[in-house]
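Observations on chain architecture
These are the residues of each chain, in order.
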Amino acid sequence: MKKKKIFLGGLAIFLLIGLISAGIIYYYLFAPQFHPQKTVFIYIDHNDTADSICKKVKIQGNPQNFTGFLWIVKHKKYSQNIHTGRYAIHPGENVYHVFNRLYRGYQEAMNLTIGSVRTLDKLARNVGRQLMIDSAEIAKVMNDSVYQKQLGYNKETMACLFIPETYQVYWDMSVEDFFNRMQKEHRKFWNQERLQKATTIGMTPAEVCTLASIVEEETNNNQEKPMVAGLYINRLHADMPLQADPTIKFALQDFGLRRITNAQLTIDSPYNTYQNTGLPPGPIRIPSPIGLDAVLNYTKHNYIYMCAKEDFSGTHNFASNYTDHMKNARKYWNALNERKIFK
């Protein structure tokens with residue numbers, strides 16, 4: 001009987017210790033410990049260590065108790081299994097779920113926005129600000145003449161590769177993965193229907209891109225873009241210079257100009273569409289899908305002149321003859337003079 005009591009007493013103590021241990025383990029590893037106000041993300045790059053990651057998790061995750069996280073980091077030898085990436089911490093999560101996500105590299109995808117910017121350097125900077133890749137790495141590949149040639153481009157047309165849009169990607173994607181994705185999205189946009197439309201109007205995708213870039217510099221009004229595209233196509237068919245002011249700004253690399261002077265129209269540049277007929281060597285910005293489609297679906301009309309409206313609405317007055325065009329131009333010049341806009 002005495003042995004039985006000792007056994008039962010020992011068993012009770014053992015169970016009590018087990019329950020206490022289980023409670024401790026549950027509290028530190030499985031009870032809700034992280035309490036950010038909303039889902040937050042930590043970013044782990046190549047330079048991070050287990051200590052720096054713990055610091056990021058603690059700051060971003062707002063844990064009630066961080067002991068369990070530090071313990072599991074040490075126990076699982078996390079320093080030997082660090083994965084770069086962007087990782088989520090949700091309100092009310094426990095240590096086990098957060099650590100397991102980091103340990104196994106279960107990162108969250110993010111939105112990468114490719115903007116309709118004027119230069120490849122600016123694109124590289126914008127992408128570099130969004131991803132783990134350094135902008136210098138991106139610029140190096142974009143400006144590599146051998147790589148450009150492999151894709152069928154040169155330094156003037158390389159901008160045609162990019163289709164401005166928002167894409168789901170992983171933050172730690174490599175430079176190679178980035179350019180592979182851009183090629184994939186380019187092929188996706190230039191489907192058989194669009195390629196056929198380009199052929200119908202006698203243009204290559206790069207030429208469509210170049211003209212679309214001029215159209216988008218001329219107007220922000222999406223409804224007007226097919227009209228502007230139609231005007232420039234009329235000029236191309238008539239072998240007339242495009243005489244597009246935005247190409248002068250690009251040649252001068254001065255995008256803040258609001259008034260182009262006669263002296264500026266004499267700049268010696270292949271982008272000077274006042275002195276050269278046909279399209280310039282490449283796009284003067286990365287045109288949006290709307291701009292590209294505006295060229296592919298241009299409005300057919302007989303206009304060959306346009307001038308910004310004197311109300312500064314961002315839209316244009318169109319004309320089919322020089323006399324009417326000069327009437328429109330004088331109204332705009334007078335408006336510029338009234339506002340004392342001389343450059």
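Residues numbered from 1 in each chain as written. Predicted model: local features only at pLDDT ≥ 70, side-chain atom pairs only at ≥ 80, totals over all residues. Heavy atoms only, no water.

1. Quick notes on the overall build of the protein chain
When helices and strands are counted, the protein chain shows 14 helices and 6 strands. A compact globule built from 343 residues should have a C-alpha radius of gyration of about 20 Å, whereas the protein chain, at 31 Å, is more than 25% larger. In terms of overall dimensions, the protein chain has C-alpha extents of about 120 × 45 × 35 Å along its principal axes. Among the 343 residues that make up the protein chain, the fraction classed as buried is 45%. Sequence separation of 24 or more characterises 65% of the internal contacts of the protein chain that already satisfy a separation of 6 or more. With the model as given, the accessible surface of the protein chain reaches about 19,000 Å², and the carbon-plus-sulfur share is 52%. Within the protein chain, one finds 41 positive and 30 negative side-chain charges whose respective centroids are separated by 12 Å. (Helix = DSSP H or I, 4+ residues; strand = E, 2+ residues; numbered from the N terminus. Rg over C-alpha atoms; globule rule 2.2 N^0.38 Å. Buried < 20%, exposed > 50% of the residue type's maximum accessible area, 1.4 Å probe, protein only. Contact = heavy atoms within 4.5 Å. Areas by Shrake-Rupley, 256 points an atom, 1.4 Å probe, with all protein chains shown as cover. Lys, Arg positive; Asp, Glu negative; His and termini not counted. Charge placed at Lys NZ, Arg CZ, Asp CG, Glu CD.)

2. Overview of the side chain of Arg235
As for its placement among the helices and strands, Arg235 is situated in helix α11 (residues 225–237). Buried charged residue Arg235 carries no salt bridge. Nearest counter-charge: Glu218, at 9.0 Å. In this structure, Arg235 is in contact with Met240, Pro241, Leu242, Gln243, Ile304 and Tyr305, ignoring residues within four places of it in sequence. (Salt bridge = Lys/Arg side-chain N within 4 Å of Asp/Glu carboxyl O.)

3. Some points on the UniProt feature "site: Important for catalytic activity" (unreviewed entry) in the protein chain
This chain's UniProt record puts "site: Important for catalytic activity" (unreviewed entry) on Glu218. Topologically, Glu218 is positioned in helix α10 (residues 205–218). For Glu218, a relative accessible area of 16% gives the class buried. Not counting residues within four places of it along the chain, the set of residues in contact with Glu218 comprises Val228, Tyr232, Ala244, Asp245, Pro246, Met306, Gly314 and His316. In terms of polar contacts, Glu218 uses its side chain to reach the side chain of Tyr232, at 2.6 Å. (UniProt positions renumbered as here; feature names shortened; annotations may be inferred. Polar contact = N/O pair within 3.5 Å; in protein donor to acceptor, adjacent residues only side chain to side chain.)

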